Amino acid sequence: MTEKQGGSDLRRNSTKAVKQNDDSYQIIGHKWFYSAPMSDAHLVLAQSENGLSCFLVPRFRPDGTLNAVRIQRLKDKLGDWSNASSEVEFAGAFGELVGVEGRGVATIIEMVALTRLDCMIGSAAQMRQAVVQAIHHTSGREAFGDLLINQPLMRNVLADLVLESDAALALTMRVARAISLLETDSHEAALARIATAIGKYWICKRTPVLVNEAQECLGGIGYVEENIMPRLYRQAPLNSIWEGSGNIQCLDVLRALNKEPATREALFTELQSAAGKDRYFDKEFGQLASYFEEVETLEFRSRYVIERLALMLQACILLNTENKDIAAEFCRSRLGGAHGLAFGTLSPDAPIDQLIERAAGATRSAA
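Rules used in this analysis
- Residues numbered from 1 in each chain as written.
- Predicted model: local features only at pLDDT ≥ 70, side-chain atom pairs only at ≥ 80, totals over all residues.
- Heavy atoms only, no water.
- Axes fitted to C-alpha atoms, helices over the stretch in contact; angles between N-to-C directions.
- Helix = DSSP H or I, 4+ residues; strand = E, 2+ residues; numbered from the N terminus.
- Parallel < 35°, antiparallel > 145°, perpendicular 65-115°, else oblique.
- Contact = heavy atoms within 4.5 Å.
- Phe/Tyr/Trp six-rings, centres within 6.5 Å; stacked < 30°, edge-to-face > 60°.
- Buried < 20%, exposed > 50% of the residue type's maximum accessible area, 1.4 Å probe, protein only.
- Polar contact = N/O pair within 3.5 Å; in protein donor to acceptor, adjacent residues only side chain to side chain.
- Nonpolar A, V, L, I, M, F, W, Y, C, P; charged D, E, K, R; others polar.
- Expected span 1.5 Å × (residues − 1).
- Bend = angle between axes of the 7 residues up to and from the residue.

Overview of the packing of helix α8 (residues 279-288) against helix α11 (residues 324-335)
Right, on to step 1. Between α8 and α11, the least distance of the axes is 8 Å, while the angle of their chain directions is 50 degrees. The angle between the axes of α8 and α11 places the two elements in the oblique class. Contacts between α8 and α11 involve Y280, F281 and E284 from the former and C331, R332 and L335 from the latter.

Considerations on the packing of aromatic side chains
Right, on to step 1. Enumeration according to the criterion identifies 5 aromatic pairs in this entry.
Right, on to step 2. Linked through ring pairs, F268, F281 and F285 together constitute an aromatic cluster.

Observations concerning the side chain of E87
Right, on to step 1. Counting through the fold element by element, E87 comes out in strand β6 (residues 85-98).
Right, on to step 2. Relative accessible area serves as the criterion here: at 6%, E87 is assigned to the buried category.
Right, on to step 3. Engagement of the side chain of E87 in a polar contact is seen with the side chain of R73, the distance being 2.6 Å.
Right, on to step 4. Of note is the side chain of E87, whose polar atom sits 2.8 Å from the side chain of K75.
Right, on to step 5. Residues in contact with E87, not counting those within four places in the same chain, are H30, K31, W32, R70, I71, Q72, R73 and K75.

Quick look at the packing of helix α3 (residues 186-217) against helix α7 (residues 261-272)
Right, on to step 1. Contact pair α3 / α7: the axes reach a minimum separation of 8 Å and the direction vectors enclose 85 degrees. One way to sum up the angle between α3 and α7 is to call them roughly perpendicular. Contacts between α3 and α7 involve H187, A190, L191, R193, I194 and I198 from the first element and A262, T263, A266, L267, T269 and E270 from the second.
Right, on to step 2. In the contact of α3 with α7, the residues fall into 7 nonpolar, 3 polar and 2 charged.

Considerations on helix α1 (residues 104-140)
Right, on to step 1. Compared with the 54 Å implied by 1.5 Å per residue over 37 residues, the 54 Å span of α1 between its first and last C-alpha is a close match.
Right, on to step 2. Helix geometry: α1 is bent most strongly at E110, by close to 35 degrees.

Take a look at the structure:
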């Protein structure tokens, strides 16, 4: 999708698609990012006679000859080294129309909805791996006369990291469930439409800061390439950029709310399921509708609004589980303001032991 002059503004894409006598298309142009160039085929956006359209461009033509897809160079990226990215030139490449001509963005968005979930899964998994590394290290590292994991301040940090990781995983799995029911449940389909963008925005935004905090739990060792933490740190920012940056996700949420009223109904119906279970949740729930009333400034404030929606969805999911103490702490710290801007700022009466033991127990089982 991505071209030099276009970026997220796909309508500015200049790659051309010329229809041939056999109803195939000849693709001519350039892409600035061409993910996984080793694949057998790619979905490509190009301007046809009727507008921006989606095409399947295989590695080989139907007659078995190599398609005219010229890899110009591989990208030297910050991370994601195991997955190649490249620049590509289409020198009259063979392509087949996918979907309706002129409806390329709508067609490819069906794929993007799934890959945005992939971004959430990947980021939640990175969070979990970072927490595992922090728990493992502090469980064996002794300082100031005791194991690090027993030190009060470190316990606050570790418990806070676990709380963030658990909430990210909960929202990811809820979105995965909604997407799995797209074709059979109208509520789940509408929820998936809006919650995917909300979750993709928030979880992918939170991953780099969580990984960095977990890295710090290891001290200088966490900055050395002999362990996994530097790789996690390099990888952490990618999913917030991939498949639409944070701003794109926020605009997508606003677009859904404006053009697809069912998404708002599904969102509020979902949140209503946790009403009455926590006072901080109820207070925030009562304010949600007001966020959308100031239409003139809504886009300007959309990051804040989407952040609150993400936290409410996470709180809702946790409140509907059996982990009542953890759900209550999430609501108090994330919605009630009993939390600082850095990890490790939970209240003294937070369920620290319960959070750490959950993560430490799972870590021991995995080992």
